[in-house]
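Each chain, letter by letter, is given below.
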Amino acid sequence: MLALNFVMADMQSGIGPFLGVFLLGRGWNSGLIGTAMTIGSVAGMLITIPIGGLIDTTNFKRAWVIVPGICVVSASAIILLSQDFWIVAGSQVATAIAGAAIVPAVTGITLGIVRQRGFNRQIGRNQAFNHAGNVVGAALSGYLGWTFGYTAVFDLAAAFGMVSIVCVLMIPPKSIDNRAARGTSEADPDSQPNASYVLLTHKPLLVLSVALAAFHLGNAAILPLYGLAAVATGGADGPSFVAATVVIAQAVMTIVSIVAMRVAEKRGYWPILLVSFAALPLRGVLAYFFVGWLGVIPVQILDGVGAGLQSVAVPGLVARALNGTGRINLGQGAVLTVQGLGASLSPLLGGWLAQTAGYNAAFVLLGSFGLVSVGLWIAFASLVKKY
């Protein structure tokens, strides 16, 4: 399981941070780049809830990691063959579908192996290995991109996708308790999942989803825009700079995910998510003042804090909140869908803001969405603090 989380990191995001500067070098403008990314994100968002529901009901959860691996390999190849707008958008759709499946699938497999009692600690370990895999993947991508060009970056993402397939096949199917994997009540193991309750009436889940949507509306576009701003102003080499942004953030996430796991055991998930939301406005302000190598360390440390805390707290809170409903993975999918609404619109919003008002204005405006998340999280604290 830990090996799978390590190698699937580059499969999930290996080409994403590099795609913008790759297309910029081939004559694309920031608005068009953001539009192509948004098309993929919207596709992923629309399919996340159905995939979560299917993962709850299926006894073949490993297949939901194998298929994303194939999608990533295919997407990496197709972008190298053509940079036509619809070809690139199609590749982003395939990658987004892969991302929509792999998170609830790995969450379900983890829960099925360690059960509810061991989930918080295991999800912390999973995320630490996932972020460490991102560090290694980004460092290799930066080196290979600088030495051999962007083709090597895409080849690396495809290779990680194939290794992920091998890793998941090594997990014995019998080690996964499919009832525990979906959160079926131990007191009533034959209870039927209640999808409408999960999606429409669970108030803590709704608060979490909306707060995450606001956060990711601002956060998702900052990293690709920061790379574009640095390259456009001549302050950085494309592959090495983008690799540095990813390595710094993921190294911080590796540490932060372990901290989040330990804090959650004593204080719950509410304060962890509050800190994660508060990191975004600070990140936007720092990106405004420091573009290039001077600002990459503090800007990406804050990215690591926000994303690292959420990588543990979000699946942990959903698993606790929905324990006994039999719909944990559907709930994960529902949260990811609403969160994805913000993330999918972020590149579109950020790309056109940068094109019309400049990169600095875009960073400040995007960062301000973190204040919305903080306000929501404090206003509805009574609903979510018990988790």
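Criteria and thresholds
- Residues numbered from 1 in each chain as written.
- Predicted model: local features only at pLDDT ≥ 70, side-chain atom pairs only at ≥ 80, totals over all residues.
- Heavy atoms only, no water.
- Helix = DSSP H or I, 4+ residues; strand = E, 2+ residues; numbered from the N terminus.
- Buried < 20%, exposed > 50% of the residue type's maximum accessible area, 1.4 Å probe, protein only.
- Contact = heavy atoms within 4.5 Å.
- Areas by Shrake-Rupley, 256 points an atom, 1.4 Å probe, with all protein chains shown as cover.
- Patch = residues over 30% accessible without salt bridge, like charges linked within 9 Å, V, L, I, M, F, W, Y side chains within 5 Å.
- Salt bridge = Lys/Arg side-chain N within 4 Å of Asp/Glu carboxyl O.
- Lys, Arg positive; Asp, Glu negative; His and termini not counted.
- Charge placed at Lys NZ, Arg CZ, Asp CG, Glu CD.

Caption draft 1: Local environment of the overall build of the protein. Looking only at helices and strands, the protein has 17 helices and zero strands in total. Relative to its 387 residues, the protein shows a buried fraction of 57%. Restricting to contacts in the protein with at least 6 residues of sequence separation, those with at least 24 account for 86%. About 14,800 Å² of surface is accessible on the protein, with carbon and sulfur atoms providing 69% of the total.

Caption draft 2: Quick peek at the environment of Lys174. The residue Lys174 is located in the loop between α6 (150-169) and α7 (178-182) in this model. The exposure class of Lys174 is exposed, given its relative accessible area of 86%. Sequence separation between Lys174 and Gly112 is 62 residues; the distance between their C-alpha atoms is 10.0 Å.

Caption draft 3: Geometry of the side chain of Ser346. By the element assignment, Ser346 lies in helix α14 (residues 328-357). Not counting the four nearest positions on each side in its chain, Ser346 is found in contact with His216, Leu217, Gly218, Asn219, Ala220, Ala221, Gly351 and Leu366.

Caption draft 4: Structural context of a positive patch on the surface. A contiguous patch of positive charge, built from Arg125, Arg262, Lys266 and Arg267, is present on the exposed surface. Its place among the elements puts Arg125 in helix α5 (residues 85-148). Classification of Arg125 as partly exposed rests on a relative accessible area of 36%.

Caption draft 5: A look at the side chain of Gln127. Its location among the elements puts Gln127 in helix α5. Accessibility expressed as a relative area gives 13% for Gln127, which makes it buried. Those residues in contact with Gln127, other than ones at most four positions away along the chain, are Ser257, Ser311 and Val312.

Caption draft 6: Structural view of the pattern of salt bridges. Using the criterion set out here, one finds three salt bridges in the structure. Arg121 is paired through a salt bridge with Glu265; the nearest N and O atoms lie 2.8 Å apart. Of this pair, Arg121 sits in helix α5 while Glu265 sits in helix α11 (residues 238-267), and the two are 144 residues apart along the sequence. Two residues, Arg283 and Asp303, come together in a salt bridge whose shortest N-O distance is 3.6 Å. Of this pair, Arg283 sits in helix α12 (residues 270-289) while Asp303 sits in helix α13 (residues 293-321), placing them 20 residues apart in sequence.

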